[in-house]
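# Close look at the chain arrangement
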Amino acid sequence: MSVKITRRNFVKLGIASSALIASGKLSESQALAGSIKLEYGGKDFSPATGVERKAVPTACWSCVTRCAAMGFVEDGRLVKMESNPKSIRTQGLMCSKGQSGPNDVYFPDRILYPMKRVGERGDGKWKRISWDEALDEMVSVLKPLRDAGTPEKLCFHYGRMKASSSKLIKSLFLNGAYGTKTLPGHTSICEGGKWTAHELVWGGHFDNWDFDNTDYVLNFGSNVLETHTNHIPCGPRLIRAKVDRGVKVVTFDVRLSNTAAKSDEWVPVKPGTDVAVLLAMCNVVLNKGLYKGKGEAFMKFVKATKNHDASFADKIATLKKHCADYTPAWASKISTVPASKIEQLAVEFATAKSACLVTYRGVAAHHNGNEGERAAFMLASLTGNVDNPGGRTKAVGASVKYPHLPKSSKAKVTKGLNIAKGSTKKGNPLYSSFPSHGCCQAVLKMIEEEQGVPDVYMWYCYNPVYVNGNFAENKKILRTIKHLWCSNIVYDESSKHCDLIIPDATYLERWDWEDMVDPNNIGEQYIRQACVKPLGEARDMGDVACQLAEKMGIPLGVSSKEEFVKKSYDMTPGVKEAGGAAMMIREGVWHDPNQKPIFMRYKNKISADKVNADGVVYDEATGVYWNAKKAHVKDGGTYENTKNSYKYYVGQKIGDEVFEVFKPDKLPKSGYLELYSQQMERKGHAPLPTYYADPAHDSMGPDDLILTTYKVAVHIHSRSTHRKWLTELYHDNPGWINPKTAAARGIKDGDKIKVKSKISTITTTAKVTEKIGPGIIAISYHLGREESGRYASGKKSPGGNDNDPDLKNIWWTEHGVHPNHIIPNSVDPVNGQQCWMDTVVQVAKA
Amino acid sequence: MSNKEIKSRRDALKTGAAVVATVVATAGLLPKNALAASDNPRWAMVVDLRKCTGCRACTIACKAEYGVALGRFNTVVKNVEFNKFPDTEKHFVPRLCNNCAGEQGKDVPPCVEKCPQAKAGKRMKLGKERYRTGATYKRPDGMILMDMSLCIGCYKCIDACPYGVRSIDPFVKLTLPNREKDLGVGKCTFCAHRVDQGIVPACVNTCEGRARVFGDLNNPDSPVAKLDKEFNLTGTKNKSTMLPGEKTDPHVFYIDPDNILARYKLNKENKQQEFIGTFE
C-alpha cells in the first residue's frame with residue numbers, strides 16, 4: 001500500500017470532517033499568524049489527519065554517501081525520509097534518491113521469504129522455505145569446508161558493505177571466525193582506481209573538496225551536483241559557494257551534466273584525454289613560474305625526483321623537463337580543448353588564493369585513469385592546493401570502536417583465493433600492477449580460467465551479472481559455479497540464477513554505526529536504526545552472520561547487529577562520555593564540539609621519542625624511519641622490499657627534521673607526496689605522471705564513436721529501478737548524440753539506433769542533442785532491467801504481491817537499455833579499475 | 001516527453017481506483033496553539049534559479065509527504081535548454097501551484113473563481129479576517145486550499161488554472177452524495193499542514209541548493225521578504241513570476257538574472273502534460 005491514509009486514519013478523519021461540516025458555526029482557523037520563524041525540519045505531520053508522524057533518527061544507504069536521516073512513521077508504516085537537521089555533514093538536506101527510501105521497503109516485488117530453487121537455474125521456479133531450513137542448508141555446506149581446512153572455498157562477494165556491516169559480517173564472521181579471505185568487493189567497478197592512485201601518491205584515500213573555504217573550483221569529470229561518493233555533503237556546498245560567494249566553477253565533462261550546466265564554464269573534452277589537459281596545465285604553471293609562493297612551500301613535502309632529498313630547484317627542473325612536451329597546443333590536439341582555454345584556466349587556478357581540484361570517474365574510469373589522478377596531484381601540489389583550507393584535503397570520517405571476536409571463535413585456518421585480489425598472471429588481459437581494491441570485474445573470468453574456483457559463491461548488495469561489463473559472459477560463467485546464494489531485497493539479473501535467496505532487511509529496517517567522511521574535516525558520528533520492523537521474514541545479513549556462526553559453534557560474541565552497534569557506541573571514546581548508544585539513538589548524530597577542522601596534517605613533526613624508539617631504523621633509499629623490528633625484517637630487508645613495511649612507517653626525514661607527511665596505506669610509498677613513484681617504476685611504469693591513450697582510441701576509424709556512461713540525479717547505480725518514484729522520473733535512457741554525429745549517420749531525434757561494440761550490440765533510441773560533442777555517444781546505466789519487478793521491467797517477480805495501489809497507475813512502458821551488454825570487462829593496467837568510458841562503438845540507424 | 005502519454009483525466013476516472021477521500025486542508029484539526037494575531041501572514045515562495053541544480057529532491061519529497069499517485073505531480077522541475085554546442089545552456093525551472101492572489105481588485109485566483117463550491121464550507125476566521133472554506137478556496141494568508149469533502153468533481157478548476165498544476169487524483173474518491181464514484185483533484189498546498197505547525201514545506205526542507213525559500217511576505221524579517229527587498233521581486237512581477245500575462249498574481253517568485261522564465265515555453269495547449277516531472 002502506498003496510500004498514506006490507512007483505514008483507521010480514514011475513520012478518524014471521517015468523524016472529524018463530519019463534525020466540522022455539521023457544526024456550521026464560525027470557527028477560528030489555527031493557521032500561524034504574525035512573526036513566526038519557520039523551522040526547517042525534524043518534524044512532519046500527516047496531511048490527512050494533522051497527526052505528528054513519529055521521527056526516527058537514522059541514516060540513508062541509498063548511495064555510499066550514507067547521509068544522516070530521519071524516518072517518519074505513521075501508523076507503523078514508514079512514509080517519508082528527510083535529513084537529520086542536526087547533521088553537520090548534510091545540513092538538513094537530502095537528495096531525491098534518499099527521499100525515495102520508503103519505496104525500498106514497500107515495493108510490491110520485494111523478496112520477503114527465503115526461497116529455494118526448484119527448477120533449472122534461471123527458470124524462475126521457487127519454493128518458499130523457513131529460515132531454519134535455509135540456515136541449515138548453508139551450514140551443511142559451509143561447516144564441512146571449514147572443517148576440511150578450506151574456508152577459502154566460500155567466496156563472499158559484496159557490493160556495498162560499510163562500517164559496522166563490514167566489521168560484523170566481514171571482519172568478525174567471514175574472515176575472523178570462518179576463515180575465508182575470498183572476499184572480493186566492487187570498488188574497481190566504481191572508483192577503486194582513483195583510490196589506488198591516491199595510495200601511490202599520498203597514502204590513504206578519500207579526498208574531500210573544501211568548497212566552504214575555496215576561491216576557485218576546477219572540476220574534471222565529477223557530476224557532484226547530481227551524484228557522487230559524498231554527494232549531499234559536497235554538492236550543496238558547491239552551489240552555495242558559487243552563488244553566495246561568487247566562487248568560479250569550471251567543469252570538464254564529455255557531456256552537459258547538471259554540474260557542467262551549473263558551472264560558470266563547461267569545457268567539453270574528448271573522453272580519456274583529461275590527463276593531457278592536466279599535464280598541459282602543469283606545463284603552463286611550470287613555465288610561467290606560478291609555483292612560487294604557496295606551491296614552493298608545499299613542494300618541500302613532495303617527492304618529484306628519484307632522489308628523496310632533492311632540492312626545490314632540482315624538483316622544479318625535473319618536472320619542467322618532464323612536462324616540456326606537454327604543451328597546451330599538444331593537449332589541444334588530443335583533447336579538442338582550445339590551447340588558449342587550457343592556458344587561461346591554468347593561470348586562474350594557480351593564481352587563486354585557494355583552489356580546489358576535483359576529479360572523479362570522468363578521469364578515473366579510463367585506461368589512463370591512474371595517470372589522470374596523478375597529474376591532478378601534480379597540478380594541485382605545484383600550486384600549493386593540497387590538504388589546505390579551500391583545496392583538496394585529506395578527508396576526515398568518524399572512528400568507532402567495536403567489540404572484537406571472542407578468541408575461542410577465531411579461525412585456525414585463514415585462506416583466500418586469488419580471485420579476491422585481481423589477476424596476478426602477467427599477460428592476462430585483466431592483469432594490473434596494483435589492484436589494491438581488488439578487481440571485481442575479473443572475478444568471474446578468473447573462476448572460468450581456474451585461477452581460483454570457489455564451491456560457494458555468495459553475494460550481498462551486489463548483482464554480478466548486471467553491474468560488471470560483458471553481461472552475457474558473466475551470466476554464462478556464474479551458472480557454472482557449484483553453489484549460488486545471495487542475500488537480497490530484489491529479484492534481479494543475478495539472484496534469478498541462485499540456488500538459495502535469503503531475504504535481506506532494507507537499510508530502513510536495520511542497525512548500523514556509520515562513518516562516511518565529513519566535508520567540515522571534523523568527523524561526525526551517526527547511527528542507522530531500524531525505522532520499522534523488517535517486512536515479511538526479511539533479516540539483516542549482519543544478523544544472519546551471527547546466526548550462521550552460532551550454528552557452526554563459532555559465536556561472534558553478539559547475537560545481532562543491533563547489539564553490536566549499541567555496544568560499539570558504548571565503548572567509543574567521546575560518544576561514550578556524551579551518552580553512548582542511548583544518546584545516539586535519541587539524537588542520531590554527534591560530533592566533538594571541541595574538534596577543530598583538520599588541515600595540513602602533513603606538517604606534523606614526529607617527536608624524537610618516536611624516532612628513537614626500539615626497533616626504529618632509518619632507510620637510506622627513501623629517507624623513511626620505520627620499525628623494522630616490528631615488521632620482522634629479514635637479512636637484507638629494506639623498507640621497499642619488505643612485505644607490509646608501510647604498516648610500520650614512523651616518519652619521513654626532510655632536511656634535518658622528521659615529519660608525519662603523507663602516511664602510506666596499502667602500498668609501501670615513502671612519506672612524501674610522491675609525484676615520482678618508485679613503486680610505479682619498480683613495476684615498469686613511468687614514475688612521473690605520463691600521458692598515454694587507450695590503445696583502441698589510437699586506432700579508431702572515421703565511423704567509430706566512444707561510448708561514455710553516466711549516472712543521473714534520480715537513480716542509484718544499479719540499485720533503484722524498483723523504487724517507483726525514481727523510475728517514474730527516469731525510465732528510459734536514449735543515447736545522447738550530437739546533431740553532426742547523427743546527421744553523418746542519417747539519424748534523427750527519436751530514431752531507433754543500433755550501438756555495436758566488439759562484444760555485442762544493443763538497440764536504443766537516439767536523443768539528438770547539443771548537450772554532447774561530436775564523436776561520442778552517452779548512455780546512462782541504471783536501466784534495461786531483465787527483472788527487478790514491475791516498476792523496473794514490467795515483470796512481476798516470484799513472490800511479488802499486488803498490494804500497492806500505484807501498480808494501477810504505472811503510465812510508462814519504456815524500461816531503457818543497459819550498456820553493459822556492449823562494454824567489455826577491462827582494466828587500467830596500473831590499478832585494475834574498470835574502464836567504463838573507453839568502449840569504441842559503431843552507431844547506425846536500426 | 002515524446003511518446004510518454006499519461007492517461008487523460010477522463011480515463012483516470014474510469015479506472016475508479018478504490019481509495020478514500022482526503023481533506024487537503026487540515027486547519028480545523030490542529031491543536032489550539034499559535035492563535036491568530038492581528039496581522040495575517042502572506043505566505044510566498046521564492047525560487048532562486050541560480051541555485052536550482054535540477055536534482056528533483058523537491059519532487060520526490062512531495063511524493064512522499066502526500067503519497068502522491070504515479071502519474072500525478074504537485075511539483076516538478078523543467079529543463080530549459082538553448083544555444084548550440086559547445087555553448088549549450090541547460091537551466092532548471094522548479095514549478096508548483098503559484099498560490100495566486102488573483103487579479104488585483106478581484107482578489108480571487110481562476111481556480112477559486114471557477115469552483116461552484118468555493119464557499120460551500122464552514123465559516124472561519126483567521127486573525128481578524130473572516131472567510132469560508134470550499135472545495136477550492138483562498139485562505140486569508142494566501143494559501144489556495146481544497147476540501148475534497150465539498151468537491152462535486154466538475155474539474156473546472158483544472159481547466160481554469162493556466163499553469164496546469166491541478167490534476168485528477170486517483171487516490172481520492174469524492175464523498176458528496178451521488179459523487180462517490182468520481183475522483184478528487186490534487187495539487188500543491190504549500191504544505192499548509194506543516195506551515196501551520198511552524199515548519200517549512202517538504203520541498204523547501206530538502207532543496208539541495210536551498211533554491212526554494214518560503215516565508216511570510218508581510219514579515220520584513222522573513223527570508224522571502226529579505227529576498228524581495230534585495231531583488232525587488234514584488235516590484236517586477238512581469239519578470240519574477242510565471243505567465244504574468246494571465247494576471248493571476250502568483251506568489252511563487254523567481255530570482256532569474258539569466259531571463260530563463262522568459263525563455264521557458266510553457267505548452268499551454270497541453271498544460272497538464274507539461275506538468276509531468278520526468279528527468280532528462
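The structure displayed is predicted, hence computed values, not measured ones. (Residues numbered from 1 in each chain as written. Chains lettered and ligands numbered in written order. Predicted model: local features only at pLDDT ≥ 70, side-chain atom pairs only at ≥ 80, totals over all residues. Heavy atoms only, no water.)

All right, on to the overall build of chain A then. Within chain A one finds 28 helices and 31 strands. Over its C-alpha atoms chain A spans a radius of gyration of 27 Å, differing by no more than 12% from the 28 Å that the globule rule assigns to 846 residues. By its C-alpha atoms, chain A is 85 × 65 × 65 Å across when sized along the principal axes. Every one of the 846 residues in chain A was classed for burial, and the buried ones make up 66%. (Helix = DSSP H or I, 4+ residues; strand = E, 2+ residues; numbered from the N terminus. Rg over C-alpha atoms; globule rule 2.2 N^0.38 Å. Buried < 20%, exposed > 50% of the residue type's maximum accessible area, 1.4 Å probe, protein only.)

Here the focus is the overall build of chain B. When you go through chain B residue by residue, the secondary structure sums to 9 helices and 11 strands. Within chain B, the proportion of its 280 residues that are buried is 66%. Counting contacts in chain B only where the partners sit at least 6 residues apart, residues at least 24 apart contribute 61% of the total. (Contact = heavy atoms within 4.5 Å.)

Within the structure shown, the criterion is met by 67 salt bridges over all chains. Put simply, Arg53 of chain A and Asp44 of chain A hold a salt bridge, and the shortest N to O gap is 2.7 Å. Take Asp44 of chain A: its relative accessible area is 0%, and that puts it in the buried class. Put simply, Asp244 of chain A and Lys51 of chain B hold a salt bridge, and the shortest N to O gap is 2.9 Å. Residue Asp244 of chain A is located in helix α7 (residues 231-245), and its partner Lys51 of chain B is located in the loop between β1 (43-48) and α2 (57-66); the two belong to separate chains. Each member of the salt-bridge network shares a partner with another, and the members are Arg66, Arg510, Asp512, Glu514, Asp515, Arg528, Asp540 and Lys561 of chain A. (Salt bridge = Lys/Arg side-chain N within 4 Å of Asp/Glu carboxyl O.)

Here we take up the sheet that holds strand β30 (residues 776-780) of chain A. An order of β26-β30-β27-β29-β28-β31 (chain A) is seen for the 6 strands of this closed barrel, with the pairing classed as mixed. Direction aside, neighbouring strands of the sheet carry axes that sit 45 degrees apart on average. (Pairing = 2+ DSSP bridges. Axes fitted to C-alpha atoms, helices over the stretch in contact; angles between N-to-C directions.)

The next thing to look at is unusual backbone geometry. Residue Pro86 of chain B is bonded to the preceding Phe85 of chain B through a cis peptide linkage, with omega at 0 degrees. Checked against the element boundaries, Pro86 of chain B lands in the loop between β2 (75-82) and β3 (89-96). Residue Cys461 of chain A is not a glycine yet carries a positive backbone phi of 50 degrees. By the secondary structure assignment, Cys461 of chain A is in the loop between β15 (456-460) and α17 (464-467). Unlike most non-glycine residues, Asp249 of chain B shows phi in positive territory, near 55 degrees. As for its position among the elements, Asp249 of chain B is in the loop between α8 (237-240) and β11 (252-255).

Model confidence for chain A is summarised by a mean pLDDT of 95, while 96% of its residues fall at 70 or above. Below a pLDDT of 50 lies the segment residues 1-25 of chain A, which in the model reaches 48 contacts outside its immediate sequence neighbourhood of four places, other chains included. (pLDDT = per-residue confidence, 0-100.)

All names here are of chain A. Taken domain by domain, chain A consists of domain 1 (7-106), domain 2 (115-186 + 399-513 + 533-557), domain 3 (207-394), domain 4 (603-660) and domain 5 (696-845). Contacts between domain 3 and domain 5 engage 17 residues on the former and 26 residues on the latter. Interface area, domain 3 with domain 5, both sides summed: about 1800 Å², of which 57% is carbon and sulfur. Across the domain 3-domain 5 interface, the total number found is 0 salt bridges. Here the residues of the side of domain 3 that touches domain 5 sort into 6 nonpolar, 7 polar and 4 charged. (Domains from an automatic or database assignment. Buried area = accessible area lost by both parts, 1.4 Å probe. Nonpolar A, V, L, I, M, F, W, Y, C, P; charged D, E, K, R; others polar.)

With that out of the way, let us pick up a positive patch on the surface. A contiguous patch of positive charge on the surface is contributed by Lys181, Lys421, Lys643 and Lys647 of chain A. Within the element layout of this structure, Lys643 of chain A appears in the loop between β22 (624-627) and β23 (649-654). (Patch = residues over 30% accessible without salt bridge, like charges linked within 9 Å, V, L, I, M, F, W, Y side chains within 5 Å. Areas by Shrake-Rupley, 256 points an atom, 1.4 Å probe, with all protein chains shown as cover. Lys, Arg positive; Asp, Glu negative; His and termini not counted. Charge placed at Lys NZ, Arg CZ, Asp CG, Glu CD.)

Time to look at the sheet that holds strand β3 (residues 68-74) of chain A. Residue and element names in this part refer to chain A. Spatially, 3 strands are ordered β2-β3-β4 in an open sheet, and the strand pairing comes out antiparallel. Only two strands of the sheet have a single neighbouring strand rather than two, namely β2 (54-59) and β4 (77-83). Here the strands of the sheet are splayed against their neighbours by 30 degrees on average, with no regard to which way each runs. Here 6 bridges tie β3 to β4, and the two strands are oriented antiparallel to one another.

Next up on the list: helix α22 (residues 580-587) of chain A. Each α-helix winds once per 3.6 residues, and so residues spaced three or four apart point in a common direction. Residues and elements named next belong to chain A. Listed as buried for α22 are Gly580, Ala581, Met583 and Met584. Seen from one end, α22 has its buried residues packed into an arc of 160 degrees, which puts them on one side. Residues of α22 that are exposed and point more than 90 degrees away from the buried face comprise Ala582 and Arg586. Looking at the packing, one finds that the buried side of α22 touches β19 (525-528), α20 (561-571), α21 (575-578) and β20 (589-590). Count one or two residues on from α22 and you reach Gly588, which has phi positive near 85 degrees. (Arc of directions from axis to C-beta.)

With that out of the way, let us pick up the side chain of Asn79 of chain B. Residues and elements named next belong to chain B. Here Asn79 lies in strand β2. A distance of 3.0 Å separates a polar atom in the side chain of Asn79 from a polar atom in the side chain of Arg56. Apart from the residues within four sequence positions on either side, Asn79 is in contact with Arg56, Lys90, His91, Phe92 and Glu280. (Polar contact = N/O pair within 3.5 Å; in protein donor to acceptor, adjacent residues only side chain to side chain.)

Our next topic: the packing of aromatic side chains. All names here are of chain A. With the rule as written, the count across this model stands at 31 aromatic pairs over all chains. Between Phe298 and Tyr602 the ring centres are 5.1 Å apart and the planes differ by 85 degrees, which places this aromatic pair in the edge-to-face class. One end of the pair, Phe298, is in helix α10 (residues 294-299); the other, Tyr602, is in the loop between β20 and α23 (608-611), with 304 residues separating them in the sequence. Take Phe298: its relative accessible area is 3%, and that puts it in the buried class. Of the residues examined, Tyr602 reaches a relative accessible area of 4% and is grouped as buried. Centre to centre, the rings of Trp811 and Trp812 are 5.7 Å apart; their planes meet at 90 degrees, and the pair counts as edge-to-face. Aromatic ring contacts, followed pair by pair, group Trp202, Phe298, Phe301, Phe377, Tyr602, Phe659 and Phe662 into a single cluster. Above the ring of Tyr710, the side-chain terminus of Arg255 is found at 3.6 Å from the ring centroid. (Phe/Tyr/Trp six-rings, centres within 6.5 Å; stacked < 30°, edge-to-face > 60°. Lys NZ or Arg CZ within 6 Å of the ring centre and 35° of its normal.)

We now examine the side chain of Thr53 of chain B. You can see Thr53 of chain B is positioned in the loop between β1 and α2. Other than its neighbours up to four places away in sequence, Thr53 of chain B contacts Leu225, Ile239, Asn258 and Lys262 of chain A together with Phe92 and Glu208 of chain B.

What follows is about the environment of Pro110 of chain B. Residues and elements named next belong to chain B. Here Pro110 shows up in helix α3 (residues 110-114). Take Pro110: its relative accessible area is 19%, and that puts it in the buried class. Apart from residues lying up to four places away in sequence, Pro110 is in contact with Ala160, Pro162 and Thr248.

Residues and elements named next belong to chain A. The element strand β10 (residues 248-253) is largely enclosed, with a buried count of 5 among its 6 residues. With 5 bridges connecting them, strand β9 (residues 216-220) and β10 associate as parallel partners. Its bridge partner being in β10, Leu218 is matched across the sheet by Val250. Crossover connection from β9 via α7 to parallel β10: handedness right-handed. (Right-handed = clockwise from strand over helix to strand, strands pointing away.)

Once that is clear, we can look at the pairing of β22 of chain A. Residues and elements named next belong to chain A. Covered by surrounding structure in β22 are Val624 and Trp626 together with Tyr625 and Asn627, the residues of both alternating faces. Here 4 bridges tie strand β21 (residues 616-619) to β22, and the two strands are oriented antiparallel to one another. Within the sheet, the bridge partner assigned to Tyr618 lies in β22 and is Tyr625. Relative to β23, β22 runs antiparallel, the two being bridged by 3 bridges. Bridging across to β23, Trp626 finds its partner in Tyr649.

Looking at chain B, the pLDDT average stands at 89 and 86% of residues meet or exceed 70. Confidence over residues 1-38 of chain B falls short of pLDDT 50; this stretch has 99 contacts with residues more than four positions distant or in other chains.

Here we come to the nonpolar core. All names here are of chain A. Among the nonpolar cores identified, the biggest contains 138 residues, and Leu218, Phe252, Met281, Leu382 and Leu673 are the most heavily contacted of them. The greatest single-element share of this core, amounting to 11 residues, is contributed by helix α9 (residues 274-287). Among residues more than four places away in sequence, those in contact with Phe252 are Leu218, Asn219, Phe220, Gly221, Val267, Val269, Asp274, Val277, Met281, Val337 and Leu345. Within the second largest apolar cluster, 71 residues are counted, among which are Tyr106, Tyr158, Ile232 and Phe564. (Core = buried A, V, L, I, M, F, W, Y, C linked by side-chain atoms within 4.5 Å.)

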